[in-house]
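What follows is the residue order along each chain.
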Amino acid sequence: MATGFGNYRNGNHSSRTSLNSTSKVSLNSNSKGSSIKSKSLNSSGLRKSAPASLGAAKDDAGVPGRVRVAVRLRPRNAEEMVADADFADCVELQPEVKRLKLRKNNWDSETYEFDEVLTEFASQKRVYEVVAKPVVESVLDGYNGTVMAYGQTGTGKTYTLGRLGEEDTAARGIMVRAMEDILADVSQETDSVCVSYLQLYMETIQDLLDPANDNISIVEDPKTGDVSLPGASLVEIRDQQSFVELLRLGEAHRFAANTKLNTESSRSHAILMVHVKRSVRGRDTALSGDNGNSSHTVKSLKPPVVRKGKLVVVDLAGSERIDKSGSEGHTLEEAKSINLSLSALGKCINALAENSLHVPVRDSKLTRLLRDSFGGTARTSLVITIGPSPRHRGETASTIMFGQRAMKVENMLKLKEEFDYKSLARRLDIQLDKLIADHERQQKAFEEEIERITVEAQNQISEVERNYADALENERVRYQKECMDSIKKLEEKWMINQQKHASAENMVGRKDDSSDVTSKGEGSGVAVADEVAELKTLLQKEALLRKASEEEVYNLKCQLAQSKKSEALGNSEISKLHKMLEDEACQKEKFEGEIAMLQSQLLQISFEADETRRRLDGGGSEKILGALDSQMSQLRHPQLNDMGNGEKASIATLFEQVGLNRILSLLESEDADVRIHAVKVVANLAAEETNQEKIVEAGGLTSLLTLLRSSEDESIHRVAAGAIANLAMNETNQELIMAQGGIRLLSMTSANAEDPQTLRMVAGAIANLCGNDKLQMKLRGEGGIKALLGMVKCRHPDVLAQVARGIANFAKCESRASTQGTKNGKSLLIADGALPWIIQNANNEASQIRRHIELALCHLAQHEANAKEMISGGALWELVRISRDCSREDIKTLAHRTLTSSPTFQAELRRLRVDY
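None of the values given here were measured: they were computed from a predicted structure.

(A) Representation of the overall build of the chain within the structure. Assigned secondary structure in the chain consists of 32 helices and 18 strands. A total of 916 residues make up the chain; the buried ones form 44% of that total. On the chain, roughly 49,500 Å² of surface is accessible, and the fraction owed to carbon and sulfur atoms is 52%.

Spelled out as structure tokens, the structure:
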């Protein structure tokens, strides 16, 4: 189901039951005679739990076994860019809070929560990481896992799962990315990865790798209930390239057809099965260690453990409505088979979500194949794909509800382990051969070592004998040398003594002469000693001062560190207090806003009920008053019902009890409060498409236009204009409004109104009328365009958004008429002076205003008669900006196509030397 995605923008849980829910599943059970061990998951990926019990599990977001559901929005395709250009998407994504809003109309929507919400700008890598990667990691750890895509045909299921990404690696789908992670984590020596690729076509299972094998049977294990396909081809994968080639071969054999909704619509359910067999590393060591420890050898005889995980990737064929897809003949039969199998899957999901005692798993081969994925032992991740087009809102709502029900299904994940006795035998043979070789090698080494030691001993003995002889000779020489040195020293001492004796006699004669010199030397020695003592004292003092200074510096450093620590603690406390104050202020502001809103609503409801009770008289009026009071009393008690749902219920009940004619008669009441209340009821009824025809047939449209003409109350004008805007969404009603002078009345109302909300309602009504090709001239002749342009003085963004929408609708109709040849000359919008305002707001900060203005410029530029006016007004530069910088790809493409196809614009761009 190939659907082109561009860049993407970037999603409850319930009790767990099993597809074979009549029997309870026991956890941590090892049946005798079986080598398979089952382990239940704990909170961080492995959960310990009691046996499965229908309806016993609680709704818990942290339970890893629950089916996780992500929703992915496809961007608009080329057809939707044209057909739905003036309509908002039927869904609004809130990825930050993982919510999705499904719009019912301009005022009402329903909100749903998912595990992940992926916008049209989410990359393929982001989709894989949040949807499939946790499942792939579980498969690598020994668990079964399922990744499945569900959605309407043409919403991008095959793109999400099976895209090969050969032209752009960033576009690779979940299948390719999952195999990349598996091959990166497994060992080529000890692990194995095998793949089967099948399709379920017209309730027959066919092998996409062997097209001749077109009727594969399903085999169920009577003991465990496990499902297998023994007739399917099983190909071992060694590298990523071979896997991609395998996928390309399978896709070539898959059935596809061209329908109105998708040019390559898949007509079968594709199922990729990846079997991963891994040896548990670190649990078993070698048969014996280097130290030869016998106890270690015995312990290592335990057989190795092998974990077998199976990844199932299911690309479901898209659900489709026959009247929309245009299927016929054999394609119609294919569509019936697809819808039947998807219906059977939906029934199983409903039964599991509602804890039903019977799950109709045997109604379809699809549900039998997915028996382990929903309510079984596999970790399951579901991605539902939806489109933005409001024309397919019903299919989108059905897909969302399927995802919501699937989130209530919880599986009991089990680890698949078994002992690998064959591997143990092979390892023991290798160990035995290794031990024999080691023994022979050690024996040879021992003999060589003995011979080496003998040779070394002989060499050492010879060396010792030689060293002993050398030592004796050296000792003799040393003693002889020492003796000669002693004799020489004695002779030198005798000579010195003789010289001393002779000099002593000479010194006696000079003794008297030298006595004076000796006394002077002693005085000088005393002075030097005193100076040395003084220097020692100064040095000791200096040392003491230095020690004191060092102690003082150390103390200051300690004080500085303490002060910095205290300052840091103080700053931390201050920041915490600031944060607490900010949080308290935000909470206070939020609560005050909610209280004020609730008080305002209660006061308004109480006031309306009291005033209506007091003023309405007569039998019929008293009856209506009683009905209103009854409904208002329900609205005053929010604990019984919320305000929005209570108001809808009250209006529906009032419609049934009183009747439309009686309600419309109150629009002509003389009491202004009664009229206001009645017109509010009519406006709320008009918001529902099913009530619009009844209101018009009963004269409600005429009454609303009469109120615009006769009433001077701006509140009545505001609500009546809103009701007329709701009715103006229907083409038949648009012609009635114009025939009864509605555009002239709306123009008069806008001229006299001051309230921005009144102007917004009037502008919305006129904008809806601008989208009718048949009413262009009459709408302009009765002042509709001038009324729209007059409302821009309000400058309120909501009013400007409606004005911009009306101008865009009018410009689109003119562009269509010019293309069909039913209109000549320049645009009526340009003639009425709308172009300056359009150019001024083409780059408005408000996205709603900017989108409509950009669209209006593109439509105006498509008519060659407008080109000169637009160039002189400066619109050319805005068109160039839109074609380059616009955030909407459809508008950017339209602007680019307009510029390149217009000779006038091309000539001006060449004149200005703009490279385009």
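(B) View of empty space enclosed by the protein. If you add up the space inside the second largest cavity, you get close to 50 Å³. As for the second largest cavity, its lining consists of Leu-200, Tyr-201, Met-202, Glu-203, Arg-267, His-269, Ser-337, Ile-338 and Ser-341. Listed by contribution, the elements that provide at least two residues to the lining of the second largest cavity are strand 8 (192-201) and helix 8 (330-353). Here the lining of the second largest cavity gets three residues from one element, more than from any other, and that element is helix 8.

(C) Quick look at the nonpolar core. Ile-766, Met-791, Val-803, Trp-837 and Met-870 are the most contacted members of the largest nonpolar core, which totals 92 residues. Among all residues touching Trp-837, those that are not within four sequence positions of it are Val-792, Leu-800, Val-803, Ala-804, Ile-807 and Ile-853. Counting 49 residues, the second-largest nonpolar core is a separate cluster that includes Val-67, Val-312, Leu-382 and Val-409.

(D) Seen up close, the sheet that holds strand 4 (residues 99-103). In spatial order, the strands read 3-4-5; together these three strands make up an open sheet with antiparallel pairing. Single-partner strands in this sheet number two, and they are strand 3 (91-94) and strand 5 (109-113). Shown here is a sheet whose adjacent strand axes are inclined to one another by a mean of 20 degrees, direction ignored. Here strand 4 runs beside strand 5; their pairing, made up of five bridges, is antiparallel. Looking at strand 5, one finds that Arg-99 is bridged to Glu-113. Here helix 10 (residues 393-406) sits on the sheet and contacts strand 3, strand 4 and strand 5; the angle it forms with strand 4, its principal contact strand, is near 150 degrees.

(E) The arrangement of unusual backbone geometry in detail. The backbone of Glu-203 shows a phi angle near 65 degrees, a positive value even though the residue is not glycine. Its place among the elements puts Glu-203 in the loop between strand 8 and strand 9 (204-207).

(F) Representation of helix 22 (residues 756-770). Across its 15 residues, helix 22 extends 20 Å between first and last C-alpha, which sits within 8% of the 21 Å expected from 1.5 Å per residue. The buried fraction of helix 22 amounts to twelve of the 15 residues, a majority that puts the element mostly inside the structure. Within helix 22, the full set of buried residues consists of Thr-758, Leu-759, Met-761, Val-762, Ala-763, Gly-764, Ala-765, Ile-766, Ala-767, Asn-768, Leu-769 and Cys-770. For helix 22, the secondary structure elements touched by its buried residues are helix 19 (714-727), helix 20 (731-739), helix 21 (742-752), helix 23 (776-781), helix 24 (784-790) and helix 25 (797-820).

(G) A look at helix 30 (residues 875-885). The buried count for helix 30 comes to eight of eleven residues, which makes it a mostly enclosed element. All buried positions along helix 30 are accounted for by Ala-875, Leu-876, Glu-878, Leu-879, Val-880, Arg-881, Ile-882 and Ser-883. On its buried face, helix 30 sits against helix 27 (835-840), helix 28 (847-861), helix 29 (867-873), helix 31 (889-901) and helix 32 (903-911).

(H) Expanded view of the pairing of strand 15 (residues 269-279). Along strand 15, eight of the eleven residues are buried, which leaves the element largely enclosed by surrounding structure. Of the pairings in the sheet, the one linking strand 8 to strand 15 comprises nine bridges and is antiparallel in character. Along strand 15, the bridge assignment pairs Ser-192 with Lys-277. For strand 15 and strand 16 (residues 305-315), the ladder comprises ten bridges, and the chain directions are antiparallel. Looking at strand 16, one finds that Met-273 is bridged to Val-312.

(I) Quick look at the pairing of strand 8. With ten of its ten residues buried, strand 8 lies for the most part within the structure. Both strand 8 and strand 12 (residues 235-236) contribute to a ladder of two bridges, which runs antiparallel. Its bridge partner lying in strand 12, Val-195 is registered against Val-235. By the bridge criterion, four bridges tie strand 8 to strand 9 in an arrangement that is antiparallel. Each bridged residue has a counterpart across the sheet, and for Leu-200 the counterpart in strand 9 is Ile-205. Hairpin remark: strand 8 followed by strand 9, antiparallel, with two residues in the connecting loop; positive phi at Met-202, about 50 degrees.

(J) Representation of the packing of helix 18 (residues 700-710) against helix 21 within the structure. For the pair helix 18 and helix 21, interaxial distance at closest approach is 10 Å and the crossing angle is 40 degrees. Here helix 21 runs oblique to helix 18, going by the angle between their axes. Seen along the crossing, helix 18 lies across helix 21 with a hand that is left-handed. Contacts from Leu-705, Leu-708 and Arg-709 in helix 18 reach Gly-742, Leu-745, Leu-746 and Thr-749 in helix 21.

(K) How the structure looks around the confidence of the model for the chain. Of the residues in the chain, 79% reach a pLDDT of 70 or more, and the chain-wide mean stands at 78. Low pLDDT, under 50, characterises residues 1-63; the stretch is placed with 186 contacts to residues that sit more than four places away or in other chains. Of the regions scoring below 50 in pLDDT, residues 282-299 engages in 27 contacts with residues more than four places distant in sequence or in other chains.

(L) Quick look at the pattern of salt bridges. Per the counting criterion, the structure on display carries 40 salt bridges. Between Asp-191 and Arg-278 there is a salt bridge; the shortest N-O distance is 3.6 Å. Here Arg-278 lies in strand 15 and Asp-191 lies in the loop between helix 4 (174-185) and strand 8, a separation of 87 residues in the sequence. Across this residue pair, the class does not change: Asp-191 and Arg-278 are buried. With a closest N to O distance of 2.9 Å, Asp-773 and Arg-816 form a salt bridge. Of the two residues, Asp-773 is situated in the loop between helix 22 and helix 23 and Arg-816 in helix 25; the sequence distance between them amounts to 43 residues. Residue classification places Asp-773 among the partly exposed residues on the basis of a relative accessible area of 36%. In this structure Arg-816 comes out as partly exposed when scored by relative accessible area, which is 30%. Linked through salt bridges whose partners overlap, the residues forming this network are Glu-220, Arg-362, Arg-368 and Arg-371.

(M) Quick peek at the packing of aromatic side chains. Within this structure, the stated rule accounts for two aromatic pairs. Taking the ring centre of Tyr-479 as reference, the NZ or CZ of Arg-478 above it sits at 4.7 Å.

(N) The packing of helix 16 (residues 672-686) against helix 17 (residues 689-697), seen in detail. Between helix 16 and helix 17, the least distance of the axes is 7 Å, while the angle of their chain directions is 130 degrees. Here helix 17 runs oblique to helix 16, going by the angle between their axes. Facing helix 16, whose interface residues are Val-682, Leu-685 and Ala-686, helix 17 presents Asn-691, Gln-692 and Ile-695. Here the contact of helix 16 with helix 17 is built from residues that sort into four nonpolar, two polar and no charged.

(O) Up close: the side chain of Ser-196. The topology assignment puts Ser-196 in strand 8. Residue classification places Ser-196 among the buried residues on the basis of a relative accessible area of 4%. Residues contacting Ser-196, with those up to four places away along its chain left out, are Ala-232, Ser-233, Leu-234, Ile-271, Leu-272 and Met-273.

(P) Region of the structure containing the state of the cysteines. A full pass over the atoms with the stated rule returns zero disulfides. Its sulfur unpaired, Cys-858 is 7.5 Å from the next cysteine sulfur, which belongs to Cys-886.

(Q) Just the environment of Lys-408, in detail. Among the structural elements, Lys-408 can be located in the loop between helix 10 and strand 18 (417-419). Sequence separation between Lys-408 and Glu-354 is 54 residues, and the spatial gap between their C-alpha atoms is 8.4 Å.

(R) Local environment of the environment of Leu-666. Tracing the backbone shows Leu-666 in the loop between helix 15 (660-665) and helix 16. Overall, Leu-666 belongs to the buried group, its relative accessible area being 11%. As for Leu-666 and Val-679, which are separated by 13 residues in sequence, their C-alpha atoms are 8.4 Å apart.

Criteria and thresholds
Residues numbered from 1 in each chain as written. Predicted model: local features only at pLDDT ≥ 70, side-chain atom pairs only at ≥ 80, totals over all residues. Heavy atoms only, no water. Helix = DSSP H or I, 4+ residues; strand = E, 2+ residues; numbered from the N terminus. Buried < 20%, exposed > 50% of the residue type's maximum accessible area, 1.4 Å probe, protein only. Areas by Shrake-Rupley, 256 points an atom, 1.4 Å probe, with all protein chains shown as cover. 1 Å grid on protein atoms, 1.4 Å probe; cavity = no way out; pocket = protein on both sides within 12 Å on 5 of 7 lines; lining within 4 Å. Points joined across faces, edges and corners; volume = space filled by probe spheres on them. Core = buried A, V, L, I, M, F, W, Y, C linked by side-chain atoms within 4.5 Å. Contact = heavy atoms within 4.5 Å. Pairing = 2+ DSSP bridges. Axes fitted to C-alpha atoms, helices over the stretch in contact; angles between N-to-C directions. Expected span 1.5 Å × (residues − 1). Parallel < 35°, antiparallel > 145°, perpendicular 65-115°, else oblique. Left-handed = near helix turned anticlockwise from the far one by under 90°. pLDDT = per-residue confidence, 0-100. Salt bridge = Lys/Arg side-chain N within 4 Å of Asp/Glu carboxyl O. Phe/Tyr/Trp six-rings, centres within 6.5 Å; stacked < 30°, edge-to-face > 60°. Lys NZ or Arg CZ within 6 Å of the ring centre and 35° of its normal. Nonpolar A, V, L, I, M, F, W, Y, C, P; charged D, E, K, R; others polar. Disulfide = S-S within 2.5 Å.

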